[in-house]
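Results of the structural survey
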Amino acid sequence: MAKKKNTEEPVAKPAGGLFAYAPAPESPAAAGDIATSYGHFIGGEFVDSSGNEALKTVNPATEQVLAEFARGTEEDVDRAVAAARKAFADWSALPGSERAKYLFRIARIIQERSRELAVLESIDNGKPIRETRDVDLPLVAAHFFYYAGWADKLDYAGFGPNPKPLGVAGQVIPWNFPLLMLAWKIAPALATGNTVVLKPAETTPLTALRFAEICRQAGLPKGVVNIVTGDGRTGAALTAHPDVNKVAFTGSTPVGRAIAKQLAGTRKKLSLELGGKAANIVFDDAPIDQAVEGIVNGIFFNQGHVCCAGSRLLVQESIQDELLDALKRRMATLRVGDPLDKNTDIGAINSAEQLARITALTEAGEAEGAERWSPACELPGTGFWFKPTLFTGVSQAHRIAQEEIFGPVLSVLTFRTPAEAVEKANNTPYGLSAGIWTEKGSRILWMADRLRAGVVWANTFNKFDPASPFGGYKESGYGREGGRHGLEPYLNVEARDV
Ligand code: NAD
Ligand code: MG
């Protein structure tokens, strides 16, 4: 057999060292019809707001307005809470096996309509279709399937026989995983026999409104799920409403704190899912290539708009150079751009405000003396974009090591011993998640015992499963979502009079 000649000629590479990928666009038309304006979903009907203030949601990749939607007033919230209260008596009296049927039906419809929902989510949020298609939507359906399974088994959930629902749940969610956060909130609430009023975030209301259609398609009794759109004022009206029994909030720590103050002294049960500043800790015996993938997934997944993002890399000093070289090579291959292109790794930043926040914090990083690096990459001319960014020479006191950036920005710190890694990892006001990369199982357990974080991943990162509880320590909030633990916030486990 003739041997191939070993030529010295370099392989021609496209600019930026990227493989040239042909565009692989998903069709925006798959999102289905987007109305020019939306009202609320109350008592099973789409209704107009009592006010006349409309907000606009844009596609952050193009800055084009997608739709107008109502800014919910106190009166709107009141109407929605009344509808939920009215529906509560019958819904909570249904046998769990009957409630489960509705949840299964919703889960199956989500699967059937997953392409439509994935495209709509990408358009409204800016996140890549690869993620909405392969991560968000499968998890949304899985969450409804999972809690459907619990609805008739609540007697065996560990909260005593026949645990009772609380009543009406007021739920406020953020823009980073709009439909997934809706699922995390609505599925356990319904499984346990509560009814809900949910307010989606002001930059991403469209998939929640589409979910309202799915509730109708599933024949869900009227008023069991109500969606009121609006901004922080609408959210505050909902959490303050005297006939709400349970408040569930995901978002920023300052707003979480304000809600906790607002609820102090009331009988409302509260769960808070707030920010994070997770450490992703890499030891010198870690498989470097695998760790690099985990670091990239940890901070660049969803543009870094992830409360449990691995935004601080703690690398053992002896492998710092090797790891950072490999990480930079990998970062240079990330494709930033059109969220609807199936090759895109990093989509658009969700809003102009969030882009300004990321820009301000990265500028503070430079001003405080950290060294900034980004791969060469061209950003689209319109829309909100930020290059994947790495900071080295970061000290623990720097703002970029302490504050949640909520963008594609990684701060690198080093350590020498496991004890130092634990100390640095815990040196933040937050405590949502952490990652450990090492070959030694005993070290993983030793570290996990000492890390003040609600979720600790070992040799992986950002893995989610509906069966696994998720939640924080310290300023990352309290209460758990997911798993058996995720039932508790919606049950009257203290047998109190609500
Ligand atoms: P935010 O906390 O202001 O908004 C989250 C949700 O709360 C939205 O639906 C909003 O309308 C509502 N809201 C705002 N003020 C409220 C109030 N007083 N009472 C009740 N509801 C209220 O978050 P943001 O402004 O969108 O983002 C700011 C920062 O928060 C981000 O930069 C990021 O650091 C963090 N954040 C964290 C998460 C998370 O998942 N933990 C999600 C989004 C944002
Ligand atoms: Mg939008």
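Residues numbered from 1 in each chain as written. Chains lettered and ligands numbered in written order. Predicted model: local features only at pLDDT ≥ 70, side-chain atom pairs only at ≥ 80, totals over all residues.

Glancing now at the confidence of the model for the protein. It should be kept in mind that the predicted coordinates are not to be read in detail where pLDDT is low. On average, the protein scores 95 in pLDDT, and the residues at 70 or more come to 95%. Predicted confidence for residues 1-16 stays below pLDDT 50, and this span has 3 contacts to residues more than four positions away or in other chains. (pLDDT = per-residue confidence, 0-100. Contact = placed C-beta atoms within 7 Å.)

A word on the pairing of strand β6 (residues 168-172). In terms of burial, β6 is a largely internal element, 5 of the 5 residues being buried. Residues Val168, Gly170 and Val172 line one face of β6 and the alternating positions Ala169 and Gln171 line the opposite face, and both faces are buried. In the sheet, β6 pairs with strand β7 (residues 195-199) via 5 bridges, with the strands oriented parallel. Within β7, the position partnered with Val168 by the bridge is Thr195. With helix α5 (residues 178-191) bridging β6 and its parallel neighbour β7, the resulting β-α-β unit is right-handed. (Buried ≥ 20, exposed ≤ 12 C-beta atoms within 10 Å, placed from the backbone. Helix = DSSP H or I, 4+ residues; strand = E, 2+ residues; numbered from the N terminus. Pairing = 2+ DSSP bridges. Right-handed = clockwise from strand over helix to strand, strands pointing away.)

Attention shifts here to the sheet that holds strand β4 (residues 54-59). Read across the sheet, 3 strands follow the order β1-β5-β4 without closing on themselves; strand pairing throughout is mixed. Both outer strands of the open sheet, β1 (37-38) and β4, are each paired with one neighbouring strand and no more. Pairing of β4 with strand β5 (residues 64-70), which is carried by 6 bridges, proceeds in the antiparallel orientation. When the bridges of β5 are listed, Thr57 appears paired with Ala67.

Attention now goes to the domain arrangement of the protein. Its domain assignment divides the protein into domain 1 (28-274 + 474-492) and domain 2 (276-458). Each of domain 1 and domain 2 was reduced to a C-alpha centroid, and the two centroids are 30 Å apart. Taken together, the 20 residues of domain 1 in the interface contact 27 residues of domain 2. Listed by contribution, the elements that provide at least two residues to the side of domain 1 that touches domain 2 are α3 (114-125) and α4 (129-150). Of the residues forming the side of domain 1 that touches domain 2, the biggest block, 3 residues, is contributed by α4. (Domains from an automatic or database assignment.)

The next thing to look at is the site of ligand 1. The immediate surroundings of ligand 1 are formed by 27 residues, with Gly232, Gly235, Gly251, Ser252 and Cys307 found nearest. For the shell around ligand 1, the secondary structure elements donating two or more residues are α7 (232-240), α8 (253-263) and α11 (352-367). For the shell around ligand 1, the element with the highest residue contribution is α7, accounting for 4 residues. Shared between two domains, the shell around ligand 1 holds at least three residues of each, these being domain 1 (28-274 + 474-492) and domain 2 (276-458). (Near = placed C-beta within 6 Å.)

Another point: the sheet that holds strand β15 (residues 409-415). Read from one edge to the other, the open sheet built from 7 strands follows the order β13-β14-β15-β12-β11-β16-β17, with strand pairing classed as mixed. Of all strands in the sheet, those with a lone pairing partner are β13 (371-373) and β17 (455-458), marking the two edges. Adjacent strand axes in the sheet meet at a mean angle of 20°, parallel and antiparallel pairs treated alike. The pairing of strand β16 (residues 433-437) with β17 spans 4 bridges and is classified as parallel. Bridge assignment links Gly435 to a residue of β17, and that residue is Trp457. (Axes fitted to C-alpha atoms, helices over the stretch in contact; angles between N-to-C directions.)

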